[in-house]
Structure formats: structure tokens, C-alpha cells
Amino acid sequence: MQASNFELGKALIQKKTKKNQEEIFVKIGNILKRIHLKEIDWFGVDGKYAYVKTDNRNYPLSLSLKDLEGKLNHDDFIRIHQSYMVDVKKIESINLIDNFVTIKKVELPIGRSFRKQLLSQIVCF
């Protein structure tokens, strides 16, 4: 008995989206560049283009943050704003009055609809 096209497609998607993956590939021209997730500070949107921010540079992305959020199955990344998804481990501080996080001396805004999820993801004493 043969599996349907739907079942085969579903199996391929499950193989490609593994929990806590270690790296992603970003297309730069005709080259796929491997970027380890531990190198990534945040994903952002500038105008209509998304990018990956690392220590060295920004890499352009060919998909939206919403699509990226669905494809990136990693517990350390969380959406904090319509334009930003950050690595929770890289957050240095959170300003609860002015609603921004600081990563490597850069202040990134926290959106009202993302604040509760962010605060539930971190441990406070």
C-alpha cells in the first residue's frame, strides 16, 4: 500500500523541523551560508526586509519573521515585537517601564502583545 502525497509531505516537514536545531542556512547570492544559532543575537525587520543579526554582520532573509518563527523550532528564540525575535540567553536587561530589552548595548522594543510571553519565558527572583 502506497502512502499519499499528503502523508509523504508531512513526513518530510517533520524531518526538516527538528527540535532545538543547532544551525540555519541563509542564502547569500548563490551560496548557502551556515550560521550557528548560538552566534545569532536577534532576527529583525528593516522596512520590508528581514535579517539575521550576528556579531559580525547582518544577513538578509528571504522570508518574514512570522514564517521564520514557524520554521525555527528552538526554545531560546522568542518574539518580543512585530519587528524582532531575540535569543533569550543574550538579553542583558529588560526595562519594564520603557519596554525594551538590551542585547550587546542595543535597545530593542518590546511590543505590548509580546510582553507577557517574554516575561513568562524568563526566571525572575
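Bear in mind the structure is a predicted one, so any value in this text is a computation, not a measurement.

> How should I be thinking about the sheet that holds strand 8 (residues 93-95) in this particular structure?
Two pairing modes exist for strands in a sheet, parallel and antiparallel, and in both the strands are linked by backbone hydrogen bonds. With antiparallel pairing, the 3 strands of this open sheet are ordered in space as 8-9-10. The open sheet has two edge strands, strand 8 and strand 10 (106-109), and neither has a second partner. Within this sheet the neighbouring strands show an average axis-to-axis angle of 30 degrees, counted without direction. Pairing of strand 8 with strand 9 (residues 100-103), which is carried by 3 bridges, proceeds in the antiparallel orientation. Paired with Ser93 across the two strands is Thr102, which belongs to strand 9.

> How should I be thinking about the sheet that holds strand 3 (residues 40-46) in this particular structure?
The strand order across the open sheet formed by 5 strands is 5-4-3-7-6, and the pairing between neighbours is antiparallel. Each edge of the open sheet carries a strand with a single partner, namely strand 5 (58-61) and strand 6 (77-81). Adjacent strand axes in the sheet meet at a mean angle of 25 degrees, parallel and antiparallel pairs treated alike.

> Any chance you could explain the nonpolar core here in plain terms?
One broad trend across soluble globular proteins is that nonpolar side chains are buried collectively. Ile24, Ile40, Phe43, Val52 and Leu72 are the most contacted members of the largest nonpolar core, which has 15 residues in total. For this core, the elements supplying multiple residues, two or more each, are strand 1 (23-28), strand 3, strand 4 (49-54), strand 5 and helix 2 (65-71). For Ile40, the contacting residues outside a window of four places in its chain are Ile24, Ile35, Val52, Lys53, Thr54, Phe77, Asp87 and Lys90. Within the second largest apolar cluster, 13 residues are counted, among which are Tyr51, Ile91, Val101 and Leu118.

> What am I meant to see in the confidence of the model for the chain here?
When pLDDT drops low, the exact placement of atoms in the prediction is not to be read closely. This prediction gives the chain a mean pLDDT of 83; 84% of its residues lie at or above 70. Long-range and interchain partners of residues 1-17, a stretch whose pLDDT sits below 50, account for 3 contacts in this model, where long-range means more than four residues apart.

> I'm lost on the side chain of Arg79 in this one. Help?
Within the secondary structure, Arg79 sits in strand 6. Within the structure, Arg79 has its side chain in polar contact with the backbone oxygen of His81 (distance 2.9 Å). For Arg79, the side chain forms a polar contact with the main-chain oxygen of Gln82, separated by 2.8 Å. Discounting chain neighbours no more than four positions away, the residues touching Arg79 are Leu65, Lys66, Glu69, Tyr84, Met85 and Phe114.

How each quantity is defined
- Residues numbered from 1 in each chain as written.
- Predicted model: local features only at pLDDT ≥ 70, side-chain atom pairs only at ≥ 80, totals over all residues.
- Heavy atoms only, no water.
- Pairing = 2+ DSSP bridges.
- Helix = DSSP H or I, 4+ residues; strand = E, 2+ residues; numbered from the N terminus.
- Axes fitted to C-alpha atoms, helices over the stretch in contact; angles between N-to-C directions.
- Core = buried A, V, L, I, M, F, W, Y, C linked by side-chain atoms within 4.5 Å.
- Buried < 20%, exposed > 50% of the residue type's maximum accessible area, 1.4 Å probe, protein only.
- Contact = heavy atoms within 4.5 Å.
- pLDDT = per-residue confidence, 0-100.
- Polar contact = N/O pair within 3.5 Å; in protein donor to acceptor, adjacent residues only side chain to side chain.

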